Amino acid sequence: MCVCFCGMSVLICFLSSVNLAEKASAFTMILCFVLPLFCLIFVCFFFARNGSRSRLFGFFLWAASFLLKSGFALAIHTRPESDFHLLYSAAQNLAGGGGNLGALPYFQYWPYQSAFAAWMAFFIRWFGADVVFFKLMNCLFSASSTLLVYLLAKRFASERGARAAAVLFLIYPGTFLLIPVLTNQHLSEFLVLLAVYLFTAPAKQRKGRLAKSAAASAFLALSNAIRPMGILMIAAVAGLTVMQIISPRKDRKAKREAFASAFLFAALFFLITFSLSGLAKAAGLNEYGLGNSVPQWKFILGFNAQSIGQYSAQDAKTVFGGGFHPDAADRLLRQRLSIRPLAFLNLAFQKAKIMWGSFEPTFWAFTGNVCAEIGTPGSVFSLTRVLRNVCKFTAGLYIWSNLLIALGAISPFREKRENRTHELLMLAALAYFFALSVIEIQTRYRSLMTALTFPLAAAGLDLLWGTWQSFRRHGRREAVLTERETACRPIPFA
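Read on for a plain summary of the structure. (Residues numbered from 1 in each chain as written. Predicted model: local features only at pLDDT ≥ 70, side-chain atom pairs only at ≥ 80, totals over all residues. Heavy atoms only, no water.)

### Topic: the packing of aromatic side chains
Selection rule: Each Phe, Tyr or Trp ring, with Trp reduced to its six-membered ring, pairs with another whose centre is within 6.5 Å; inter-plane angles below 30 degrees give stacked pairs, above 60 give edge-to-face pairs, and intermediate values give tilted ones. Accessibility here uses a 1.4 Å probe with only protein chains present; expressed as a share of the type maximum, an area under 20% marks a residue as buried, one over 50% as exposed, and anything in between as partly exposed. Only lysine NZ and arginine CZ atoms are considered, and such an atom sits over a ring when it is within 6 Å of the ring centre and within 35 degrees of the ring normal.
All chains considered together, the criterion is met by 39 aromatic pairs. With a centroid separation of 5.7 Å and an interplanar angle of 85 degrees, the aromatic rings of Tyr 109 and Trp 110 are classed as edge-to-face. Overall, Tyr 109 belongs to the buried group, its relative accessible area being 15%. Aromatic rings pair up to connect Tyr 88, Phe 116, Trp 119, Phe 122, Phe 123, Phe 127, Phe 133, Phe 134, Phe 141 and Phe 190 into one cluster. Its guanidinium or amino end placed over the ring of Trp 364, Arg 444 lies 5.4 Å from that ring's centre, counting from NZ or CZ.

Rendered as structure tokens:
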């Protein structure tokens, strides 16, 4: 597992480096590597010298994240577009007593989007929420995710490493770019991290561990209702449980507890998920529940070699032109799945270049109206030029961060120690990476991978700091020995 995860992180570094080399001059590329490196060195050494335990750090971390992202969200007047506009309009209509969302074709095809629309409708109806309100909610959930990155990293790394990883996640520009967008990703990712935190939380007694597993399952089910990615976490928990059962270091009691915890986690997840879908039907929210009426769609796009796994207008016309055509969808899916193994590997690599190698997406936040409001097109400080430079800097920071993440995967493997939090984060990230090799890709989906992997950078920072300290101690020891040899040497006769 450590080897696979490390290979994945190194591949991401390579693809990002290739993309940066294609988009930047030699001088710019050097700057894009050097400046982020200085940022990392500063963060690492600052927290290495100021890493004493303090309960106030978590509060200051959360507050700094919320204030910085709130400032960004309020400064960028992003209007809802595409699916985000449709969901917001549906929520407004629902809040005004608009009735069943199943009457709209969009919610007939993808009923699972109803939960997020209902969540927004609740605040619109009872609190008079508007776009600014939901942007601030995004900031709230993103700040809470930053705090969870710190708390998760503390499970397997030092205080200084956990703090540095959390601050790295805080300052990473990619975590800002979707803040002004009314997407379901912020809430869903916060709930996923909370589920991981609770599931891997230590417990002295079996009852306590089962209770935490049940709570984690409930939060994961809520996350899945907002954005259906919970099955990947179920797969990661299953993989972790298998590893614990076959581990020779675990006794029978520990293996039984691991199996019971995972079984309860999965059983409750499916129970709550089906219950929420039934509740949506019974409440008249959507007669189709919270499922997916077109499960083939993500795979049809994911195996499209012409669009390289991205959205295809031609596929949309074939499947949804004049209404949903299930026979056409099945036929197109069978055609795409007949791809040869070598062609599939090439397609997966091309998708990875776009998904993990390209720049962070800026167009979701900086829409047409934002670009018209900010900057002068011909000036040195034009918005387009600034965004291009920010993307290049972000790419350099992304590359260094993934190198630290790769080192973080190696660290426990070298020390031959096990940690459930560390292992579950790696398994979840691997599951997400491989899932996006077969389904539709969008670069904005990268945010979940960032949330899952940045805590692992703490272990990489600890490894580098430990190596640096060993090197310094070795240098001091050699200097002391040299001084002793010089002092003991007889003085030559003058």
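### Examining the nonpolar core
Generally speaking, nonpolar side chains in soluble globular proteins are found buried as a group. Cut-off, in case you're wondering: What makes a nonpolar core is a set of buried Ala, Val, Leu, Ile, Met, Phe, Trp, Tyr and Cys residues whose side-chain atoms join them at distances within 4.5 Å. Runs of E in the DSSP output that reach at least two residues are strands. Runs of H or I that reach at least four are helices, and both are numbered from the N terminus. Residue contacts follow a heavy-atom distance rule, with two residues in contact if any of their heavy atoms lie within 4.5 Å.
Counting 121 residues, the largest nonpolar core has Phe 5, Met 233, Trp 356 and Tyr 432 as the members making the most contacts within it. Considering every element that reaches this core, the biggest residue donor is helix α19 (residues 420-435), with 11 residues. Beyond its immediate chain neighbours, meaning those up to four positions away, Tyr 432 contacts Arg 227, Met 229, Leu 232, Trp 356, Tyr 445, Leu 448 and Met 449. Core analysis: the second largest hydrophobic core is formed by 16 residues, Ala 73, Phe 84, Ala 365 and Phe 366 among them.

### Let's talk about helix α6 (residues 114-127)
Rules: Each residue after the first adds 1.5 Å to the expected span of a helix.
With 14 residues, α6 ought to run about 20 Å at 1.5 Å a step, and its terminal C-alpha atoms sit 20 Å apart, in line with that. By the burial criterion, the buried members of α6 are Ser 114, Ala 115, Phe 116, Ala 117, Met 120, Ala 121, Phe 123 and Ile 124. As for α6, its buried residues are in contact with α4 (82-95), α5 (105-109), α7 (131-153) and α10 (206-226).

### Considering the state of the cysteines
Cut-off, in case you're wondering: Cysteine sulfurs are considered disulfide-paired once they come within 2.5 Å of each other.
Under the definition given, this model contains 0 disulfides. The structure places no disulfide on Cys 4, whose sulfur is separated from the nearest cysteine sulfur, that of Cys 2, by 9.4 Å. The class of Cys 4 is partly exposed, set by a relative accessible area of 49%. Cys 391 provides the cysteine sulfur closest to Cys 371, a residue in no disulfide bond, and the two sulfurs are 12 Å apart.

### Description of a positive patch on the surface
Applicable threshold: Patches were defined on residues exceeding 30% relative accessible area and lacking a salt bridge, with like-charge contacts within 9 Å and nonpolar side-chain contacts (Val, Leu, Ile, Met, Phe, Trp, Tyr) within 5 Å. Accessible surface area values rest on a Shrake-Rupley calculation with a 1.4 Å probe, where residue burial reflects the displayed protein chains alone. Salt-bridge detection follows one rule: a side-chain nitrogen of Lys or Arg within 4 Å of a carboxyl oxygen of Asp or Glu. Positive charges come from Lys and Arg alone, negative charges from Asp and Glu alone, with His and the N- and C-terminal ends not counted. Here the site of a charge means NZ on Lys, CZ on Arg, CG on Asp, or CD on Glu.
On the surface, Arg 206, Arg 252, Lys 253 and Arg 256 cluster together into a positively charged patch. It is helix α12 (residues 252-282) that contributes the most residues to the positive patch, 3 residues altogether. Here Arg 256 lies in helix α12.

### Focus: the packing of helix α9 (residues 185-199) against helix α20 (residues 446-453)
Applicable threshold: Axes here refer to lines fitted to C-alpha atoms; in helices the fit is confined to the stretch in contact. Angles between the N-to-C directions go from 0 to 180 degrees. Angle categories are assigned with fixed cut-offs, so that under 35 degrees is roughly parallel, over 145 is roughly antiparallel, 65 to 115 is roughly perpendicular, and the rest are oblique. Handedness of a helix crossing follows the sense of rotation of the near helix relative to the far helix, less than a right angle counterclockwise being left-handed and clockwise being right-handed. Side-chain classes follow a simple rule in which Ala, Val, Leu, Ile, Met, Phe, Trp, Tyr, Cys and Pro form the nonpolar group, Asp, Glu, Lys and Arg form the charged group, and the remainder, Gly included, forms the polar group.
The interhelical angle for the contact between α9 and α20, taken along N-to-C directions, is 30 degrees, at an axis separation of 10 Å. Classified by the interaxial angle, the pair formed by α9 and α20 is roughly parallel. Relative to α20, the crossing made by α9 is right-handed. On α20, the residues that touch Gln 185, Glu 189, Val 192 and Leu 193 of α9 are Ser 447, Leu 448, Ala 451 and Leu 452. Tallied by class, residues from the contact of α9 with α20 come to 5 nonpolar, 2 polar and 1 charged.

### A short note on the packing of α7 against helix α8 (residues 159-171)
Angle between the axes and distance between the axes: these two values describe a pair of packed helices. The interhelical angle for the contact between α7 and α8, taken along N-to-C directions, is 155 degrees, at an axis separation of 8 Å. Classed by the angle they form, the pair α7 and α8 counts as roughly antiparallel. Both α7 and α8 take part in a crossing whose hand is right-handed. Between α7, through Ser 145, Thr 146, Val 149, Tyr 150 and Ala 153, and α8, the contact on the second element is made entirely by Glu 159, Ala 162, Arg 163, Ala 165, Ala 166, Phe 169 and Leu 170.

### Some details on the pattern of salt bridges
Under the counting rule described, the total for this entry stands at 5 salt bridges. As a salt-bridge pair, Lys 298 and Glu 440 come within 3.0 Å of each other at their nearest N and O atoms. One end of the pair, Lys 298, is in helix α13 (residues 296-302); the other, Glu 440, is in the loop between α19 and α20, with 142 residues separating them in the sequence. Assessed through its relative accessible area of 25%, Lys 298 is described here as partly exposed. Using a relative accessible area of 5% as the deciding quantity, one classes Glu 440 as buried. Its salt-bridge partner being Arg 446, residue Glu 360 comes within 3.6 Å of it at the nearest N-O pair. With Glu 360 in the loop between α16 (341-357) and α17 (368-373) and Arg 446 in helix α20, this pair connects stretches of sequence that are 86 residues apart. Overlapping salt bridges bring together Lys 154, Glu 159 and Arg 163 as one network.

### As for unusual backbone geometry
Notably, Ser 82 is not glycine yet its phi reads approximately 55 degrees, a positive angle. Assignment of secondary structure puts Ser 82 in helix α4. Positive phi is not limited to glycine here, since Ile 308 has a value of about 55 degrees. Assignment of secondary structure puts Ile 308 in the loop between α13 and α14 (313-320).

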